[in-house]
Amino acid sequence: MSTIQPTGIGQEQFMRTAPDTADAKSIAAAIRRSQTRERLRSFGLATPLLVLLLLSFGIPIAILLSRAIYDPTIANALPRTSVAMQSWSGNGIPDDETFNALAADLKANQQQGNISEFAKSLNARLPGARSQILKTARALDKEGVSDPASVVKSVPFWTSPATWSTIENGRHALTSFYLLSAVDLRWTADGSLERVPPEQAIFLRVFARTFLVAATVTLATLILGFPLAYLISSVPKTVGAILIIAVLLPFWTSILVRTAAWTVLLQKFGLVNDVLLWLGVTGTRLDLMYSRVGLIIAMTHIQLPFTLLPIYSVMRTIQPSQMRAAYSLGGRPLTSFLRVYLPQVVPGIMAGCLLTFILCLGYYITPALIGGAGDQLISNFIANYVNVELNWEMAAALSFILLVFTMALYAVFARVLGLDRLKPV
């Protein structure tokens, strides 16, 4: 079969109707300019919100986290000592010139009223330092002191090499002390890293406990929320609306009120124990208050809607006819569910579980009211450093480590499952 070749007239007509290269480029450039204007217009509309978020959220968090590595308290309190220590070899104790500089700094801080702040900062690095610093400052503040260096040396605390090693590490504004302490590490006198003594190593256990409780609550909400979401999406709309209202009803109540309600229900002679005895689940009353079990029960109740709603939002978009089609093609109920229905619900499961898990990492009120001494999460320690001990540096370090762990898990989650599959409400 012969191929029909275009005639000369056809080629000329094609050349007349086809746009030349210059016109095509100008059209593409016009489209790009139009798209750029649209993006700038959209960005301009969102600018006030972005500025508000930056001023009220971004900058305060950045300033707080920066205190994990920036602590100028010791450097500001010991300016003369810092200059004198520049010639110190780092071994043993410094010379008398450094002791005289230290005495002058301590006396100046005592007169300016800054000695307590300095003592607290050094005490965080070297337990027991606060009382020795205050004792030395009071001795130097007395009249008739002719040899300040001897007064300082009379306190054994200042003749210990560990004291001067700590001051050497703390006289720099930028420090890694708090970040290392947040993971139960510290610098040794020879400049190497070591784990803190077992009786002081608490933070890694607290982080592990926090992530374990968060994972347990996430799993519990998934086990309870998935069947309920399936039920709501399967029943008639009127019944489903009533069930949705029942799920959303706790949102109308403060989390503090809901937690307080659980403190009543979980008492040894509370409703939960009464029901368990009536059902014959247990023969004795259980200690659910101030326990890990009670904490998980209360957190599961609070977090259940956060897991259920993303799952339900995906389930309601799945047509029932898909399962009927799978049955008609010979698929068994379980096989049809696993191969047809469940893969479509996975994005909602991922979104709900991720939301619940991240929220559980920051729980504070519920562990404080229901959990025992061994059930406090990392947020309780952060709040204690902020409100009680006024140690903002340690609070910032714990917050930074928690953020790093959370982002690392989030990255693994995104890498394994893929963020493009997330389907929020």
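Reading guide: rules and limits
Residues numbered from 1 in each chain as written. Predicted model: local features only at pLDDT ≥ 70, side-chain atom pairs only at ≥ 80, totals over all residues. Heavy atoms only, no water. Helix = DSSP H or I, 4+ residues; strand = E, 2+ residues; numbered from the N terminus. Rg over C-alpha atoms; globule rule 2.2 N^0.38 Å. Buried < 20%, exposed > 50% of the residue type's maximum accessible area, 1.4 Å probe, protein only. Contact = heavy atoms within 4.5 Å. Areas by Shrake-Rupley, 256 points an atom, 1.4 Å probe, with all protein chains shown as cover. Lys, Arg positive; Asp, Glu negative; His and termini not counted. Charge placed at Lys NZ, Arg CZ, Asp CG, Glu CD. Core = buried A, V, L, I, M, F, W, Y, C linked by side-chain atoms within 4.5 Å. Salt bridge = Lys/Arg side-chain N within 4 Å of Asp/Glu carboxyl O. UniProt positions renumbered as here; feature names shortened; annotations may be inferred. pLDDT = per-residue confidence, 0-100. Polar contact = N/O pair within 3.5 Å; in protein donor to acceptor, adjacent residues only side chain to side chain. Axes fitted to C-alpha atoms, helices over the stretch in contact; angles between N-to-C directions. Left-handed = near helix turned anticlockwise from the far one by under 90°. Nonpolar A, V, L, I, M, F, W, Y, C, P; charged D, E, K, R; others polar.

Looking at this structure, I do not really get the overall build of the chain. What am I missing?
The helix and strand inventory of the chain stands at 20 helices and two strands. Taking 22 Å as the expected radius of gyration for a compact globule of 425 residues, we find that the chain reaches 33 Å, considerably beyond that expectation. A principal-axis box enclosing the C-alpha atoms of the chain has dimensions of 115 × 85 × 40 Å. Looking at the 425 residues of the chain, the share that counts as buried comes to 37%. Nonlocal contacts in the chain, meaning residues at least 24 apart in sequence, comprise 69% of its contacts between residues at least 6 apart. In the form shown here, the chain has an accessible surface area of approximately 24900 Å², with 65% of it arising from carbon and sulfur atoms. One finds the centroid of the 34 positive side-chain charges in the chain at a distance of 15 Å from the centroid of its 24 negative side-chain charges.

I'm lost on the nonpolar core in this one. Help?
Grouped burial of nonpolar side chains is what soluble globular proteins tend to show. Counting 33 residues, the largest nonpolar core has Phe 207, Met 299, Ile 378, Met 394 and Leu 398 as its most contacted members. Among all residues touching Met 394, those that are not within four sequence positions of it are Tyr 178, Ser 181, Ala 182, Phe 203 and Tyr 385.

I'm lost on the pattern of salt bridges in this one. Help?
If the charged atoms of two oppositely charged side chains come close together, the side chains can form a pair. One pass over the full model with this rule turns up 10 salt bridges. For the salt bridge of Asp 287 with Lys 268, the shortest nitrogen-to-oxygen distance reads 3.6 Å. Taken together, the positions of Asp 287 in the loop between helix 14 (271-279) and helix 15 (292-315) and Lys 268 in the loop between helix 13 (255-265) and helix 14 put the pair 19 residues apart, joining distant regions of the chain. Judged by relative accessible area, which is 56%, Asp 287 ranks as exposed. The partner of Asp 375 in a salt bridge is Arg 292, and the shortest N-O contact between them spans 2.6 Å.

Explain the UniProt feature "domain: ABC transmembrane type-1" (unreviewed entry) in the chain here, please?
Taking the UniProt record as the reference, the feature "domain: ABC transmembrane type-1" (unreviewed entry) is found at residues 207-413. For residues 207-413, helix accounts for 77% and strand for 0%, while the C-alpha atoms at its two ends are 19 Å apart.

Just checking my understanding: could you explain the confidence of the model for the chain for this structure?
Low-pLDDT stretches of the model should not have their predicted coordinates read in fine detail. On average, residues of the chain score 84 in pLDDT, and 92% of them are at 70 or above. Across the chain, the secondary-structure element scoring lowest on mean pLDDT is helix 1 (residues 8-17), at 49, and the one scoring highest is helix 11 (residues 203-234), at 93. pLDDT under 50 marks residues 1-9. Its contacts with residues more than four places away, or in other chains, come to one contact.

What's the story with unusual backbone geometry in this structure? I'm lost.
When glycine is set aside, most residues are seen to have a negative phi, and most peptide bonds are trans. Phi angles above zero are rare outside glycine, and Tyr 290 is one such case at about 55°. Along the polypeptide, Tyr 290 turns up in the loop between helix 14 and helix 15.

Just checking my understanding: could you explain the side chain of Thr 263 for this structure?
Here Thr 263 shows up in helix 13. At a separation of 2.3 Å, a polar atom in the side chain of Thr 263 contacts the main-chain carbonyl oxygen of Ala 260. Ignoring sequence-local partners within four residues, the contact set of Thr 263 consists of Met 289, Leu 369 and Ile 370.

Quick question: what am I supposed to make of the packing of helix 6 (residues 115-125) against helix 7 (residues 129-140) here?
Between two packed helices, what matters for the description is the angle formed by their axes and the separation of those axes. Following both chains from N to C, one finds helix 6 and helix 7 inclined at 145°, their axes separated by 8 Å at the closest point. Taken as a pair, helix 6 and helix 7 cross one another with a handedness that is right-handed. On helix 7, the residues that touch Ile 115, Ser 116, Phe 118, Ala 119, Leu 122 and Asn 123 of helix 6 are Ala 129, Arg 130, Ile 133, Leu 134 and Ala 137. Partitioned by chemical class, the residues of the contact of helix 6 with helix 7 number eight nonpolar, two polar and one charged.

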